[in-house]
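# Reading the structure
One letter stands for each residue in the lines below.
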Amino acid sequence: MTRPHEVGDGPRRNIDESGYFRELLQRGVRVHHTARLPHFRSESPVEIRPNVLAEGPLSIGAYSYISEGTRLSVPTTIGRYCSIAHNCDIGGTEHPTNWATTHPFPWGTLPLDHWPAMREVKKRPFNGIEPIAIGHDVWIGTRAFIRNGVTIGTGAVIGAHAVVTRTVPPYAIVAGNPGRIIRYRFPPEIVARLLASQWWTRDMASLGTLPIVDVEAFLAQLGG
Ligand SMILES: CC(C)(COP(=O)(O)OP(=O)(O)OC[C@H]1O[C@@H](n2cnc3c(N)ncnc32)[C@H](O)[C@@H]1OP(=O)(O)O)[C@@H](O)C(=O)NCCC(=O)NCCS
């Protein structure tokens, strides 16, 4: 693991033969050239696959990856060892539901500010954007929707197509619409020990030799 990289929407010419930014690849940060990440802070290694779009700041920890077509619409922090599947919606701007209209003309600008009338309307304060925080070792299944402002605890699993509107505790498995906890990955005592171990601060090579398929033995070897 290396220090975090600050990466802007860099020059499009630094693309290697396989379509990833060569400059970033050399630092272990594999970002496909079709990904749009205007405010990107990353440890390495990470992988960002084609057509990932982050509209706000994105911060991502080592050994995490985001698959094709996932869109992150609000400022998002993602921990280490996270697996984010394809075509997820991580956040989406909220519109006011108790005003006379949900249309953004009284508060928003983009992407409709090419309409002259949109620019002329007096803007009222409204914040439709709240950050999302995703812990370490979180697995988000395909086409999940995570609502603005939600925190997903370390070790959580989000089922495919889930609509997650509430904070998810560590090591919970949430599925369905609306997302509900269907079970926890481990009993509370194991969850507490996993959290205390902070195993995700270690690099992958040192973890690979541990008995990962047996969580008790894994914790015992970590001394937790
Ligand atoms: C959630 C998931 C991890 C399974 O967790 P699990 O605890 O093993 O779940 P089970 O198979 O024991 O199912 C428990 C219940 O949840 C339901 N369930 C499981 N996954 C569900 C989902 N995605 N949405 C809604 N309900 C789901 C099951 O139907 C079952 O319901 P029942 O008790 O009424 O029969 C898995 O179904 C899933 O969604 N995986 C994501 C796969 C994916 O998107 N991969 C992308 C590439 S990374």
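Just above sits the structure.
So, a few notes on the structure that sits alongside this text. (Residues numbered from 1 in each chain as written. Predicted model: local features only at pLDDT ≥ 70, side-chain atom pairs only at ≥ 80, totals over all residues.)

Attention now goes to the overall build of the protein. A tally of helices and strands in the protein yields five helices and 19 strands. Buried positions account for 29% of the 224 residues belonging to the protein. In the protein, of all internal contacts separated by at least 6 residues, the share reaching a separation of at least 24 is 28%. (Helix = DSSP H or I, 4+ residues; strand = E, 2+ residues; numbered from the N terminus. Buried ≥ 20, exposed ≤ 12 C-beta atoms within 10 Å, placed from the backbone. Contact = placed C-beta atoms within 7 Å.)

In this structure, Ala 156, Ile 158 and Val 164 are the most contacted members of the largest nonpolar core, which totals 45 residues. Elements represented by at least two residues in this core include exactly strand E2 (29-31), strand E4 (46-48), strand E6 (58-60), strand E12 (132-134), strand E16 (157-158), strand E18 (172-175) and helix H3 (188-197). Mapped onto the domain boundaries, this core takes at least three residues apiece from domain 1 (1-94 + 129-185) and domain 3 (186-224). Each residue touching Val 164, except ones within four places of it in the same chain, is listed here: Ala 144, Phe 145, Ile 146, Arg 147, Val 150, Ile 158, Val 174 and Gly 179. (Core = buried A, V, L, I, M, F, W, Y, C linked by C-beta atoms within 7 Å. Domains from an automatic or database assignment.)

Quick look at the packing of H3 against helix H5 (residues 215-222) now. To describe two helices that pack against each other, one gives the angle between their axes and the distance between the axes. Where H3 meets H5, the closest approach of the two axes is 11 Å, and the angle between their N-to-C directions is 40°. Taken together, the axes of H3 and H5 lie oblique to each other. Handedness of the crossing formed by H3 with H5: left-handed. On H5, the residues that touch Ile 190, Arg 193, Leu 194 and Ser 197 of H3 are Val 215, Leu 219 and Leu 222. In terms of residue class, the contact of H3 with H5 is built from five nonpolar, one polar and one charged. (Axes fitted to C-alpha atoms, helices over the stretch in contact; angles between N-to-C directions. Parallel < 35°, antiparallel > 145°, perpendicular 65-115°, else oblique. Left-handed = near helix turned anticlockwise from the far one by under 90°. Nonpolar A, V, L, I, M, F, W, Y, C, P; charged D, E, K, R; others polar.)

Not every one of the 13 residues close to the ligand is listed here, only the nearest: Gly 141, Thr 142, Gly 159, Ala 160 and Ala 175. Counting residues per element, the ones that place at least two in the shell around the ligand are E18 and strand E19 (180-184). Among the residues forming the shell around the ligand, the class breakdown is six nonpolar, six polar and one charged. (Near = placed C-beta within 6 Å.)

A few words now on the pairing of E18. Burial of the side chains of E18 is restricted to one face: Ala 172 and Val 174 are buried, whereas none of Ile 173 and Ala 175 on the reverse face is. Pairing geometry for E16 and E18, over two bridges, is parallel. Note that in E18 the partner of Val 157 across the bridge is Ile 173. Bridge count for E18 against E19 is four bridges, and the pairing is antiparallel. In the sheet register, Ile 173 faces E19, and the bridge partner there is Arg 183. Hairpin remark: E18 followed by E19, antiparallel, with four residues in the connecting loop; positive phi at Gly 176, about 95°. (Pairing = 2+ DSSP bridges.)

Another aspect to go through is the sheet that holds strand E17 (residues 163-164). Pairing is parallel across the open sheet formed by five strands, whose spatial order is E5-E8-E11-E14-E17. Two strands close off the open sheet at either side, each with one partner strand: strand E5 (53-54) and E17.

Let us look at the environment of Val 174. With respect to the helices and strands, the residue Val 174 is situated in strand E18. Residue Val 174 is classed as buried on the basis of its 25 C-beta neighbours within 10 Å. Sequence separation between Val 174 and Ala 156 is 18 residues, and the spatial gap between their C-alpha atoms is 7.8 Å.

Cis geometry is adopted by the peptide bond preceding Pro 45, which originates at Ser 44 and carries an omega value of 5°. Here Pro 45 shows up in the loop between strand E3 (40-42) and E4. Note that the residue after Asn 177, namely Pro 178, is joined by a cis bond; omega there is 0°. Structurally, Pro 178 is set in the loop between E18 and E19. Non-glycine residue Tyr 63 carries a positive phi angle of around 70°. Residue placement: Tyr 63 occurs in the loop between E6 and strand E7 (65-66).

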